[in-house]
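# Tertiary structure, described
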There are 2 protein chains.
Amino acid sequence: MPFRLLSIPAAALVFFAVAAVEAQTDSAPYTNAQRETADRLIDRALEDDTAWDILESLTTEVGPRLAGSEAEARARDWAARKMKALDFKNVRIETFELPYWSRTRESAEIVAPFAQPLAVAALGGSVATPEGGVEGEIARFETLQDLIDAPMEGLEGKIVFVDEIMTRTQDGSGYGAAVAKRSGAAREAGRRGAAAALIRSVGTDSHRLPHTGMMRYAEGMTPVPAAALSNPDADQLARALRLADGPVRVRLDIGVETRERAISGNVIGEIPGRTDEIIVIGGHLDSWDLGTGAVDDGAGVAVTMAAAKLIDDLTGKPKRTIRVVLWGAEEVGLVGARAYAEAHESELDRHVLASESDFGAGRVWRFQSRFGEAALPKAAAIARVLRRLGVGPGDNNAFGGPDVGPLRAAGVPVFTLAQDGWDYFDLHHTADDTLDKVEPEALKQNVAAWAATVYLASEMEGGFRDHATEGSAAGASR
Amino acid sequence: MPFRLLSIPAAALVFFAVAAVEAQTDSAPYTNAQRETADRLIDRALEDDTAWDILESLTTEVGPRLAGSEAEARARDWAARKMKALDFKNVRIETFELPYWSRTRESAEIVAPFAQPLAVAALGGSVATPEGGVEGEIARFETLQDLIDAPMEGLEGKIVFVDEIMTRTQDGSGYGAAVAKRSGAAREAGRRGAAAALIRSVGTDSHRLPHTGMMRYAEGMTPVPAAALSNPDADQLARALRLADGPVRVRLDIGVETRERAISGNVIGEIPGRTDEIIVIGGHLDSWDLGTGAVDDGAGVAVTMAAAKLIDDLTGKPKRTIRVVLWGAEEVGLVGARAYAEAHESELDRHVLASESDFGAGRVWRFQSRFGEAALPKAAAIARVLRRLGVGPGDNNAFGGPDVGPLRAAGVPVFTLAQDGWDYFDLHHTADDTLDKVEPEALKQNVAAWAATVYLASEMEGGFRDHATEGSAAGASR
């Protein structure tokens, strides 16, 4: 039924491919010896504490590491030292410049009629309020769309409150919709002459720990201060509006420090290969300032470093170079990702594959590729090796991770070892992003999946691109 | 086997009594009509939103209500208004004086070798640090006992850190052991010339929301500042000590406001009875400043008010007066409890029974009495009525609640409707003690248990004391 086959989605093709590979094992994209090595990597990874030790060291000895800060510089020194200690080669720091923003103070309170404090965090990039804060009547909108649809008059001097609730999902798909308000609330508030914008945190927990994250003003607009209430505080403000006879007035006080130029950098180390082809893996080294960045993204740093180290220890020189890139300044707009793509433009055609681990420390449940069609049997073969870890095959629409975006855009194939993100947005960008939230066994399962995947990808004959599909799979999912 | 019976604990006696009552239903301590009324109260309570509405109103319209503060005064006004609106009689506020303490600033950070902030809350009653804080080397003790056992020399100028972990239990029994460090750490630190005392929060959660609570210095000692780290921050400090090559230095900055005299008060309202006998129930109105006091103890306020209201609505004038006391200044040392016992000393012999709901908003799972032996069949009979709510019979060693302590000491029988406290110390005395943590259905189950219990106790023939056991059951459990 070829006329039907044409409309079968990529995910189904993977299943077909798996079946095909299983029927013809002698045409598997790896040798029996390679398959055995991958299994040994998995065995070893499941008993290996290296990732935990790296994560503990980073989150304890460095702690929070805001992009462009002195702490992020300490993190780079830590990373270079750690890579050398783990016998990575060609360890170097590639610095770049970026504008700097940090919070210096933040508080909010209901002034009337029900005087009480509210837990609040300034959003990254927000302007300060005047010393002592701004005070205004609250205008609540159930969703960002309701604010967008609101008339241009009537909000002058008020504090806009966008109360939109985020959906909890396994795959993080609730984030895209919820995060729009982070910039959108201040933009729409500013256009209407409001005094400030408050949002319900982009997060799924119910603790009084607000979620920060980057926001950006529109070109040419008058910037208004923007902050996030914790979910319980957003509940409280909504209740106050419901129970009050008249208007509810809130005071918001935000202080920030900004500099036009600060230094960040990517830290790079390699397991050198036998050819000049490169596989890029890694996590981002910077974190938000509120927590110690254990799940965002210390876990990604630790898992990918530990996986590369394990391959180095167990397999000898790989065919392709495994390059671990610990990205700087991800949180403030993927600055390190762009800097890397620029600095390495001339060798991008030798980047055969790339992926970033940046979705917490939950177990991997799915392998997704973004390969050329001719390479799909390779994706199916990798997925088969990962089955024993509880990892199922996924579609061919992998996101690959935020920092490999410029590589993906340049045609580099990517993969995603999709993690269970059910509780990721309980912690994401909050003070609660700390080591105690990481399950050591889940971290080991991640290392096992990464080590097996990267090892096999490093040894497989031929690449993962093909000209038929290159650059055509638009709209990558995470 | 009477020689054996003498050694059987009170709990077993209750079971015997239950069996006895079940065998002789015509001698039950209530009439069939009363039993039916109790069942109707339960039916109604399970569909009644009154407790939720009260709790929502208190936590939203007043919010945090620290003892002696302007907010606690607003809470008293709220309570008196609410009682009148619910048709309580003899509504009045009985004020008393107390010393006042509040926090004005608090912060902590690891200074070296791993510079980073720590989440900290001053303990109630702590002295301030000098402006800018105190800095010192950390001396960690695994338990308070280890500190007590430490030599008197060697801690001068250091910051003592008592890292003792609290046990999670259903019945709150982990609290007694864990709370000793709240005063003990600063006392032992002060005796040894330390600069300050830090404790791991008295709490069972893993969020960066430290638990406050009252501490007291010993008579004549030099007071040192005392604060609690959140559990993840205590983990972090312990890890820093393990990973550092040398000493770990911390800076602690605490500001406080104190006044010798402030005003607090108990708010009282009644469902007047046909006799001059009184049953006292209630919860405490004050809360710590960090949260909105939903589980500690807005829930107790709401449940007991709603139960009394339901009895009033459904049964007509009770035999005994049901007096709801909303206690002031519980958190800072049971000041309202002592003030009540003093002001009502002359009528304490007419107090036939007392209980406070002050262990959160979890479901009731056990009925405990502290009755004279002759009244044990009444306890068994009440427990039997509560069975359909999932409430089992308990021992005869009820605590009764903190604010009825002086009544209990004066010989007033008490009961405890023991709540499931599995997650109570996740929230207790933290910013996270907010309305979203309360399960509406559990609140209704509480009201049902209280309404049935108090109604039956109000109508039963004869009291709950007897001379054989009065004042003899020392060491009440909670």
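Owing to the predicted nature of the structure, the values given are computational and were not obtained by experimental measurement.

Moving on to the side chain of Asn396 of chain A. Assignment of secondary structure puts Asn396 of chain A in the loop between strand 13 (392-393) and helix 12 (405-409). Looking at Asn396 of chain A, its side chain comes within polar contact range of the side chain of Ser369 of chain A, at 2.5 Å.

We now examine the interface of chain B and chain A. Contacts between the two partners involve 33 residues from chain B and, on the opposite side, 33 residues from chain A. Remark: the boundary between chain B and chain A carries two salt bridges. We note a salt bridge from Arg242 of chain B to Glu56 of chain A, for which the minimum N-O separation is 2.8 Å. Taken together, the connections running from chain B to chain A amount to 23 residue pairs in polar contact (both at pLDDT 80 or more). Listed by contribution, the elements that provide at least two residues to the side of chain B that touches chain A are helix 4 (50-62), strand 2 (116-118) and helix 8 (231-243) of chain B. A total of seven residues in the side of chain B that touches chain A trace back to one element, the largest contributor, which is helix 8 of chain B.

Moving on, we get to the relation of the copies chain B and chain A. Overlaying chain B on chain A yields an RMSD of 0.0 Å, the required transformation being a rotation through 180° with an accompanying axial translation of 0.0 Å. The superposition operator between the copies reduces to a two-fold rotation axis. The residues that chain B uses at the interface reappear at the interface of chain A in 100% of cases, marking a shared surface.

Once that is clear, we can look at the domain arrangement of chain A. Residues and elements named next belong to chain A. Its domain assignment divides chain A into domain 1 (10-99 + 262-475) and domain 2 (114-247). Its C-alpha centre places domain 1 at a distance of 34 Å from the equivalent point of domain 2. The interface of domain 1 with domain 2 comprises 21 residues on the first partner and 20 residues on the second. Per-residue buried area on domain 1 facing domain 2 is highest for Trp422, Phe425 and Asp426; these three make up 36% of the total on that side. Our enumeration of links across domain 1 and domain 2 arrives at one salt bridge. For Asp426, the salt bridge goes to Arg168, with nearest N and O atoms at 2.9 Å. Counting across the interface, domain 1 meets domain 2 through nine residue pairs in polar contact (both at pLDDT 80 or more). Sorting elements by how many residues they give to the side of domain 1 that touches domain 2 places helix 13 (residues 424-427) first, with three residues. Here the residues of the side of domain 1 that touches domain 2 sort into nine nonpolar, six polar and six charged.

To continue, consider the environment of Arg350 of chain B. Residue and element names in this part refer to chain B. Mapped onto the elements, Arg350 comes out in the loop between helix 10 (335-343) and strand 11 (351-356). For the pair formed by Arg350 and Ile278, sequence separation is 72 residues and the distance between their alpha carbons is 5.9 Å. Not counting residues up to four positions away in its chain, the partners in contact with Arg350 are Asp276, Glu277 and Ile278.

Sequence positions flagged by UniProt for "domain: Peptidase M28" (unreviewed entry) are, in local numbering, residues 266-453 of chain A. For the annotated span residues 266-453 of chain A, helix accounts for 35% and strand for 20% of the residues, and the straight-line distance between the end C-alpha atoms is 23 Å.

Here we come to the packing of aromatic side chains. Under the counting rule described, the total for this entry stands at 18 aromatic pairs over all chains. With 4.6 Å between their ring centres and 20° between their planes, Tyr175 of chain A and Phe425 of chain A make a pair best called stacked. Of this pair, Tyr175 of chain A sits in helix 7 (residues 174-191) while Phe425 of chain A sits in helix 13, and the two are 250 residues apart along the sequence. Between Trp101 of chain B and Trp288 of chain B, the ring centres sit 6.5 Å apart and the planes meet at 80°, which makes this aromatic pair edge-to-face.

Residue and element names in this part refer to chain A. Of the volumes computed, that of the second largest pocket is approximately 550 Å³. Around the second largest pocket sit 25 residues that line it, and Tyr175, Arg182, Glu330, Glu331 and Leu334 are the ones nearest its centre. Sorting elements by how many residues they give to the lining of the second largest pocket places helix 7 first, with four residues. Each residue belonging to the lining of the second largest pocket can be placed in one class, and the counts come to 11 nonpolar, six polar and eight charged. The two domains that each donate at least three residues to the lining of the second largest pocket are domain 1 (10-99 + 262-475) and domain 2 (114-247).

Scoring rules and cut-offs
Residues numbered from 1 in each chain as written. Chains lettered and ligands numbered in written order. Predicted model: local features only at pLDDT ≥ 70, side-chain atom pairs only at ≥ 80, totals over all residues. Heavy atoms only, no water. Helix = DSSP H or I, 4+ residues; strand = E, 2+ residues; numbered from the N terminus. Polar contact = N/O pair within 3.5 Å; in protein donor to acceptor, adjacent residues only side chain to side chain. Contact = heavy atoms within 4.5 Å. Salt bridge = Lys/Arg side-chain N within 4 Å of Asp/Glu carboxyl O. Least-squares fit on C-alpha atoms with pLDDT ≥ 70 in both. Domains from an automatic or database assignment. Buried area = accessible area lost by both parts, 1.4 Å probe. Nonpolar A, V, L, I, M, F, W, Y, C, P; charged D, E, K, R; others polar. UniProt positions renumbered as here; feature names shortened; annotations may be inferred. Phe/Tyr/Trp six-rings, centres within 6.5 Å; stacked < 30°, edge-to-face > 60°. 1 Å grid on protein atoms, 1.4 Å probe; cavity = no way out; pocket = protein on both sides within 12 Å on 5 of 7 lines; lining within 4 Å. Points joined across faces, edges and corners; volume = space filled by probe spheres on them.

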